[in-house]
Amino acid sequence: MTRRRAAPAADAFEERTDRELVVAARTGDMPAFDALFYRYRDGIFRLGLSITKDPSHAEEIVVDTFARAYRAIDRLEPDESLRPWLYRVAVNLSYNRQPRKGITFSSLDDALADVMTPEEGSPPILAERAEQRAAVLECVDRLGDKHKVVVVLHYLNGLNLAEIALVVGCPVGTVKSRLHYALRNLRTHLSAHPGLSVEPTVALGATGSMELMRSQGQV
Amino acid sequence: MNLFGRGVGLEEQVVLDRLLDDAFAPGRSRRVPISAVRVRARVAWQREAPESRGWRAVAWLGRLGETSLTVGMTALLFAGSLGGVGGQTEFLQPERGSEYVVRVAVPLDDSRIVRLLRLGLAAPGTDDVDAATVPTREANDGEPVISVGERGGPLRRTTVPLRDDDEPVNTVRERGGLLR
């Protein structure tokens with residue numbers, strides 16, 4: 001009985017926009033605030049996990065983010081999208097909970113490996129695919145913080161460039177630039193892995209030309 | 001020549017996009033079993049206390065009481081530490097060439113006053129002198145003096161009878177020994 005009643009209510013909240021839910025939550029409608037929570041908790045958890053590498057920290061970040069949202073619900077502008085605001089709070093909280101130097105948590109690929117959904121394919125193919133994923137995520141981990149958060153927000157959380165600009169607090173052009181340099185660094189790192197079909201970066205401008213000439217024996 | 005390196009071409013971008021999408025696919029499908037009740041509990045836990053005037057006054061009085069108690073205890077401890085230094089036994093160095101004397105203020109007694117008068121000495125106004133008291137004229141400063149006559153030896157306390165309303169005043173002068 002309870003499920004039959006709760007399901008239409010949940011569907012009703014699913015159809016409502018962020019703005020409507022924020023306005024309803026301001027009037028004390030807690031189910032509306034809960035609907036916002038269930039709408040964004042997974043994305044914030046993934047973002048926190050990718051930065052802190054610790055699932056328990058990521059859960060705390062989710063709870064802290066929405067606790068702050070609840071306290072600031074009266075100051076939120078309904079016209080603006082709630083998602084960049086939530087992700088911005090989550091990014092700041094995640095940086096505060098970053099693992100200290102000398103403390104090694106499980107890597108991002110390790111954290112994700114335990115929840116990998118079963119896939120179809122022969123075991124060798126699955127193993128090769130898992131190895132490729134591990135290599136890519138390892139290269140993402142080696143990026144700097146500014147580049148890494150842009151990559152994570154874009155490829156993991158699916159935010160567009162304008163939303164990422166709101167999250168990180170910089171112009172869209174800066175986000176484009178960071179994403180470009182992040183991909184270039186990834187290309188450099190991934191070219192060391194032969195199975196990823198990323199061509200080596202021997203021709204990188206001045207330095208790359210020098211390496212190319214050196215490889216051809218002209219220097 | 002590009003000083004900032006070769007850019008990411010379209011084909012490379014496609015390959016990198018595919019690799020990143022594939023790498024983050026398990027993470028995108030991840031769900032976290034956190035209930036909204038946890039957020040409500042966090043909000044309720046961090047909610048500020050009600051601030052009415054009555055509560056503010058009570059809180060202010062409480063803080064005032066704590067502060068005054070702390071100051072009082074500190075002053076008491078400080079005064080106690082100073083009093084410990086002053087409470088040591090006071091030793092009086094005897095004058096050079098004089099006897100050890102014990103000055104005792106004892107209660108008055110009529111028979112003793114008569115005895116002092118027979119000896120030709122003026123009895124003190126309020127002090128009484130013990131039977132063993134022989135005041136010396138030279139060093140008499142108006143107080144009854146008991147000559148002990150022990151030089152260098154241990155000094156013994158003289159038992160002095162007390163009256164109910166008077167307190168003995170013992171002033172001890174000794175050389176090299178402690179009062180027992």
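So, how was this worked out
- Residues numbered from 1 in each chain as written.
- Chains lettered and ligands numbered in written order.
- Predicted model: local features only at pLDDT ≥ 70, side-chain atom pairs only at ≥ 80, totals over all residues.
- Heavy atoms only, no water.
- Helix = DSSP H or I, 4+ residues; strand = E, 2+ residues; numbered from the N terminus.
- Buried < 20%, exposed > 50% of the residue type's maximum accessible area, 1.4 Å probe, protein only.
- Contact = heavy atoms within 4.5 Å.
- Areas by Shrake-Rupley, 256 points an atom, 1.4 Å probe, with all protein chains shown as cover.
- Axes fitted to C-alpha atoms, helices over the stretch in contact; angles between N-to-C directions.
- Parallel < 35°, antiparallel > 145°, perpendicular 65-115°, else oblique.
- Left-handed = near helix turned anticlockwise from the far one by under 90°.
- Nonpolar A, V, L, I, M, F, W, Y, C, P; charged D, E, K, R; others polar.
- Phe/Tyr/Trp six-rings, centres within 6.5 Å; stacked < 30°, edge-to-face > 60°.
- Arc of directions from axis to C-beta.
- Expected span 1.5 Å × (residues − 1).
- Salt bridge = Lys/Arg side-chain N within 4 Å of Asp/Glu carboxyl O.
- pLDDT = per-residue confidence, 0-100.
- Patch = residues over 30% accessible without salt bridge, like charges linked within 9 Å, V, L, I, M, F, W, Y side chains within 5 Å.
- Core = buried A, V, L, I, M, F, W, Y, C linked by side-chain atoms within 4.5 Å.
- Domains from an automatic or database assignment.

Caption draft 1: Structural detail: the overall build of chain A. The helix and strand tally for chain A stands at 11 helices and 0 strands. Start at the N end of chain A and walk to the C end: the helices and strands fall as α-α-α-α-α-α-α-α-α-α-α. Each of the 219 residues in chain A was classed as buried or not, and the buried ones make up 42%. Contacts spanning at least 24 positions in sequence make up 59% of the contacts within chain A whose residues lie at least 6 apart. For chain A, the exposed area adds up to about 11700 Å²; of that, 52% sits on carbon and sulfur atoms.

Caption draft 2: Seen up close, the overall build of chain B. Assigned secondary structure in chain B consists of 4 helices and 3 strands. The order of α-helices and β-strands along chain B, N terminus first, is α-α-α-β-α-β-β. By residue count, 22% of the 180 residues in chain B fall in the buried class. Element-wise, carbon and sulfur atoms account for 57% of the exposed surface of chain B, whose accessible area totals about 13500 Å².

Caption draft 3: Local environment of the packing of helix 8 (residues 145–156) of chain A against helix 9 (residues 161–168) of chain A. Residue and element names in this part refer to chain A. Taken N-terminus to C-terminus, the directions of helix 8 and helix 9 make an angle of 135 degrees; their axes are 10 Å apart at the nearest point. Relative to helix 9, helix 8 is oriented oblique. Handedness of the helix 8/helix 9 crossing: right-handed. On helix 9, the residues touching Val149, Val150, Leu153 and His154 of helix 8 are Ile164, Val167 and Val168. A breakdown of the residues in the contact of helix 8 with helix 9 according to their chemical character gives 6 nonpolar, 1 polar and no charged.

Caption draft 4: Inspection of the packing of aromatic side chains at higher detail. Residue and element names in this part refer to chain A. Under the counting rule described, the total for this entry stands at 4 aromatic pairs over all chains. Their ring planes at 70 degrees and their centres at 5.3 Å tell us that phenylalanine 37 and tyrosine 38 sit as a pair that is edge-to-face. Since its relative accessible area comes to 0%, phenylalanine 37 is described here as buried. Assessed through its relative accessible area of 38%, tyrosine 38 is described here as partly exposed.

Caption draft 5: Representation of helix 2 (residues 18–26) of chain A. All names here are of chain A. Those residues of helix 2 lying buried are Asp18, Leu21, Val22, Ala24 and Ala25. For helix 2, the arc enclosing every buried residue in end-on projection is 165 degrees, short of the 170-degree limit, so these residues lie on one face. Where helix 2 terminates, the next one or two residues include glycine 28, which has phi positive at roughly 95 degrees.

Caption draft 6: Broad picture of helix 10 (residues 172–190) of chain A. Its 19 residues give helix 10 of chain A an end-to-end C-alpha distance of 26 Å, which sits within 8% of 27 Å, the value for a rise of 1.5 Å per residue. Those residues of helix 10 of chain A hidden inside the fold are in contact with helix 7 (123–141), helix 8 and helix 9 of chain A together with helix 1 (10–28) of chain B.

Caption draft 7: Layout of the pattern of salt bridges. Here the structure, examined in full by the defined rule, presents 14 salt bridges over all chains. Put simply, Arg38(B) and Glu59(A) hold a salt bridge, and the shortest N to O gap is 3.2 Å. Highlighted residues: Arg38(B) in helix 2 (residues 36–45) and Glu59(A) in helix 4 (residues 55–71), drawn from two different chains. For Asp22(B), the salt bridge goes to Arg133(A), with nearest N and O atoms at 3.5 Å. Here Asp22(B), found in helix 1, pairs with Arg133(A), found in helix 7, and the two come from separate chains. Look at the salt bridges and you will find they share partners, linking Glu59(A), Glu60(A), Asp64(A), Arg97(A), Arg38(B) and Arg42(B) into a network.

Caption draft 8: Examining the confidence of the model for chain B more closely. Residue and element names in this part refer to chain B. Overall, the predicted model of chain B reaches an average pLDDT of 67, with 46% of residues at or above 70. By mean pLDDT, strand 3 (residues 169–172) is the weakest element of chain B at 48, and helix 3 (residues 53–86) is the strongest at 86. Of the regions scoring below 50 in pLDDT, residues 171–180 engages in 33 contacts with residues more than four places distant in sequence or in other chains. Scored by ipTM, the complex comes to 0.70, with pTM at 0.55.

Caption draft 9: Representation of a nonpolar patch on the surface within the structure. There is a patch of nonpolar side chains on the surface, built from Trp60(B), Leu61(B) and Leu64(B) and spanning about 340 Å² of accessible area. With respect to the element layout, Leu64(B) can be found in helix 3.

Caption draft 10: Structural context of the nonpolar core. Core analysis: the biggest nonpolar cluster contains 67 residues, and Phe66(A), Val151(A), Leu20(B) and Phe24(B) have the highest contact counts within it. If you tally residues by element for this core, the top one is helix 3 (residues 30–52) of chain A, at 12 residues. Counting only domains with at least three residues in this core, you end up with domain 1 (8–95) and domain 2 (117–218) of chain A. Not counting chain neighbours up to four residues away, the residues in contact with Phe66(A) comprise Phe33(A), Leu36(A), Phe37(A), Tyr40(A), Arg41(A), Ile44(A), Leu86(A) and Val39(B).

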